[in-house]
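# Structure assessment
Below are the chains, spelled out letter by letter.
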Amino acid sequence: MKSNGKLKQRFTFSDPERVEQIFSQYSDKKSATLPLLHLAQSQEGYISNSVIENIADLVDCHSAVVMDCVSFYTMLYTKPQGRHIIQVCQTLSCSLNGADALVDHVTDKYEIKPGETMANDRFTLMKVECLGSCGTAPVVQINKEYHEGLSTQKFDKLLESFE
Ligand code: FES
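Parameters and conventions
- Residues numbered from 1 in each chain as written.
- Predicted model: local features only at pLDDT ≥ 70, side-chain atom pairs only at ≥ 80, totals over all residues.
- Helix = DSSP H or I, 4+ residues; strand = E, 2+ residues; numbered from the N terminus.
- Buried ≥ 20, exposed ≤ 12 C-beta atoms within 10 Å, placed from the backbone.
- Contact = placed C-beta atoms within 7 Å.
- Axes fitted to C-alpha atoms, helices over the stretch in contact; angles between N-to-C directions.
- Parallel < 35°, antiparallel > 145°, perpendicular 65-115°, else oblique.
- Left-handed = near helix turned anticlockwise from the far one by under 90°.
- Domains from an automatic or database assignment.
- Core = buried A, V, L, I, M, F, W, Y, C linked by C-beta atoms within 7 Å.
- Pairing = 2+ DSSP bridges.
- Nonpolar A, V, L, I, M, F, W, Y, C, P; charged D, E, K, R; others polar.

### Things to note about the overall build of the protein
In terms of regular secondary structure, the protein is built from 7 helices and 4 strands. Secondary structure of the protein in N-to-C order comes out as α-α-α-α-β-α-α-β-β-β-α. Residues counted as buried form 20% of the 163 residues belonging to the protein. In the protein, the share of contacts with a sequence separation of at least 24, taken over all contacts with a separation of at least 6, comes to 58%.

Written out as structure tokens, the structure is:
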């Protein structure tokens, strides 16, 4: 590869065997796009342009197609996130049961608005669509776990348990 003298770090998967395993599950390379994006995010923490270019090469398509996929799924992040990702459901049932107060609590206490990350990377706050547990509203997902039927007090205690 020619270069203009500057070394450009390009993303590569750290576990090529896992990549092969993913490809072996699909007859069409492009179908591996989403699982590869998840794998890349678990490695890098987010989906950079370099990840998009790498995956586009691997699945033989234009990087815009991979970018479309990234922008469709809210669980794929295009910028670095905090150590803990707080996702507050904002859909009807949660909204009627106090979700906005939970968002306001995080904003007041940690000085971050939805879409922002604390300067020390402790929390990223997000408002998301229905988490599929409407009967136990309001629902918040922190990292991979659901926390249901939260009052502001319970939520505050929960947040304190994350470093
Ligand atoms: S409305 Fe919040 S989980 Fe469905």
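So much for the structure itself; the text now carries on.
### Structural notes on the packing of helix α6 (residues 99-110) against helix α7 (residues 152-160)
What describes two packed helices is the angle between their axes and the distance between those same axes. Where α6 meets α7, the closest approach of the two axes is 10 Å, and the angle between their N-to-C directions is 40°. Here α7 runs oblique to α6, going by the angle between their axes. In this structure, α6 meets α7 at a crossing whose hand is right-handed. Facing Ala-101, Leu-102 and His-105 of α6, the residues of α7 in contact are Thr-152, Phe-155 and Asp-156.

### Description of the domain arrangement of the protein
Domain parsing of the protein yields domain 1 (16-72) and domain 2 (84-160). Domain 1 and domain 2 are separated by 29 Å when their C-alpha centres are compared.

### Details of the nonpolar core
In terms of nonpolar packing, the biggest core is built from 17 residues, with Ile-86, Val-88, Cys-89, Ala-99, Leu-102, Val-139 and Val-140 touching the most fellow members. Looking at this core, the elements with two or more residues in it are β1 (84-89), α6, β2 (123-128) and α7. Excluding residues that lie within four positions of it along the chain, Leu-102 makes contacts with Val-88, Pro-138, Val-140, Leu-150, Thr-152 and Phe-155. Counting 9 residues, the second largest nonpolar core, distinct from the first, contains Ala-40, Val-51, Ile-55 and Val-66.

### Details of the pairing of β1
The side chains of a regular strand alternate between the sheet's two faces. Of the strand pairs in this sheet, β1 and β2 are connected by 6 bridges, and their pairing is parallel. If you follow Gln-87 over to β2, its bridge partner there is Met-126.

### Section: the packing of helix α2 (residues 33-44) against helix α4 (residues 63-72)
In contact at an axis separation of 11 Å, α2 and α4 are set at 70° when each is read in the N-to-C sense. Considering their axes alone, α2 and α4 lie roughly perpendicular with respect to each other. Seen from above, α2 lies across α4 with right-handed handedness. For the pair formed by α2 and α4, the contact residues are Thr-33, Leu-34 and Leu-37 on the first element and Val-66, Cys-69 and Val-70 on the second. Per-class residue counts for the contact of α2 with α4 are 5 nonpolar, 1 polar and no charged.

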